[in-house]
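Remarks on the overall topology
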Amino acid sequence: MDAVTVLAEINGNIATVGYGLAAIGPAIGVGIVVGKTIEGVARQPELAGRLQVLMYIGIAFTEALAFIGIATYFIFV
Amino acid sequence: MSTAPSTQPTSIPVFRQVLVYGGILALAIALIGMVVGGLTVGGVGVLSALIGTLMAVVFMGITAASILLANRYAGNENSIGAFFGIVMGGWLLKFIVFLVLLLLLKDQPWIHPLVLFLSIIAGVLGSLVVDAIVLFKSRMPYASDVVLPPAPHDD
């Protein structure tokens, strides 16, 4: 069975791929933001407050993409 | 008389402000969305706009709320682990609940998908704007979380 036939046999809702794509990017982004914050707090614990605020704005902007992506998947299918 | 030094991070008032202004913005967006949804689609549009705005603002606010909750454990031995466990656990839980809610709401006859979607986008973007404004206007001292050793006694 060649590759084209295998691809043609895939069935189900293609929008699940959309959910996956909507989840990958923000997950990597939030992982980087949080990881870097851990590094910063480990080096300078007294800066925890400022780093938390910067981490929060990073997470907020990154997760906005995920919310819109996941909502798009459900609304337009 | 000496008081124990505070081990609470300086970010707590900022996150409280984010939550308060986010709530005020949610009311404004919900009102506008309900009026627009009601004029264009009818009663279904009003309900969809209300639910969409609430979902967006509540789910965006959970991050700030989880950081506030995690800061209660500041100063403990495992505070960093607890902090990131609570914040990232809250993030994961939030997305699971968001997915389940959208699955449940998708085929309901009392939901207008386009109005719901636009309300979610308005709520998410609006709360981002509020977050950015609050954070840029916040004044946080450097290194105020540090615990200094007590002054030596001259006796």
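Conventions and cut-offs
Residues numbered from 1 in each chain as written. Chains lettered and ligands numbered in written order. Predicted model: local features only at pLDDT ≥ 70, side-chain atom pairs only at ≥ 80, totals over all residues. Heavy atoms only, no water. Salt bridge = Lys/Arg side-chain N within 4 Å of Asp/Glu carboxyl O. Helix = DSSP H or I, 4+ residues; strand = E, 2+ residues; numbered from the N terminus. Buried < 20%, exposed > 50% of the residue type's maximum accessible area, 1.4 Å probe, protein only. Contact = heavy atoms within 4.5 Å. Buried area = accessible area lost by both parts, 1.4 Å probe. Polar contact = N/O pair within 3.5 Å; in protein donor to acceptor, adjacent residues only side chain to side chain. Nonpolar A, V, L, I, M, F, W, Y, C, P; charged D, E, K, R; others polar. pLDDT = per-residue confidence, 0-100. Axes fitted to C-alpha atoms, helices over the stretch in contact; angles between N-to-C directions. Parallel < 35°, antiparallel > 145°, perpendicular 65-115°, else oblique. Phe/Tyr/Trp six-rings, centres within 6.5 Å; stacked < 30°, edge-to-face > 60°.

Time to look at the pattern of salt bridges. A full pass over the atoms with the stated rule returns one salt bridge over all chains. We note a salt bridge from Lys94(B) to Glu63(A), for which the minimum N-O separation is 2.6 Å. Of this pair, Lys94(B) sits in helix α3 (residues 79–106) while Glu63(A) is found in helix α3 (residues 48–75), placing the two residues in two different chains. Across this residue pair, the class does not change: Lys94(B) and Glu63(A) are buried.

Before going further, it helps to examine the interface of chain A and chain B. When the parts of a complex come together, some accessible area is lost, and that lost area is often taken as the interface size. The interface is formed by 33 residues belonging to chain A together with 43 residues belonging to chain B. Taken over both partners, the interface formed by chain A and chain B buries close to 3400 Å², and the fraction arising from carbon and sulfur atoms is 83%. There are one salt bridge connecting chain A and chain B. Where chain A packs against chain B, one counts six residue pairs in polar contact (both at pLDDT 80 or more). Contributions of two or more residues to the side of chain A that touches chain B are made by α2 (15–43) and α3 of chain A. No other element matches α3(A), which puts 21 residues into the side of chain A that touches chain B. Of the residues belonging to the side of chain A that touches chain B, the class tally is 26 nonpolar, four polar and three charged.

With that settled, consider the confidence of the model for chain B. Per-residue confidence for chain B gives a mean pLDDT of 83, with 89% of residues at or over 70. Prediction confidence for the complex, expressed as pTM and ipTM, is 0.79 and 0.75 respectively.

The subject of this paragraph is the packing of helix α1 (residues 12–40) of chain B against helix α2 (residues 43–71) of chain B. All names here are of chain B. It is at 8 Å that the axes of α1 and α2 come closest, and there the two elements cross at 175 degrees. Between α1 and α2, the crossing angle belongs to the class labelled roughly antiparallel. Grouping the constituent residues of the contact of α1 with α2 by class yields 16 nonpolar, eight polar and one charged.

With that out of the way, let us pick up the packing of aromatic side chains. The full count for this structure, using the stated rule, is seven aromatic pairs over all chains. Here the aromatic rings of Tyr56(A) and Phe15(B) are separated by 5.3 Å at their centres, their planes lie at 80 degrees, and the arrangement is edge-to-face. Here the residue Tyr56(A) occupies a position in helix α3, and Phe15(B) occupies one in helix α1, the pair thus bridging two chains. The buried category is assigned to Tyr56(A), whose relative accessible area is 1%. Residue Phe15(B) is classed as buried on the basis of its relative accessible area, which comes to 0%. Look at Phe59(B) and Phe98(B): their rings are 5.3 Å apart centre to centre, the planes differ by 75 degrees, and that puts the pair in the edge-to-face class. One end of the pair, Phe59(B), is in helix α2; the other, Phe98(B), is in helix α3, with 39 residues separating them in the sequence. Across the pair, exposure class does not vary: Phe59(B) and Phe98(B) are buried alike.

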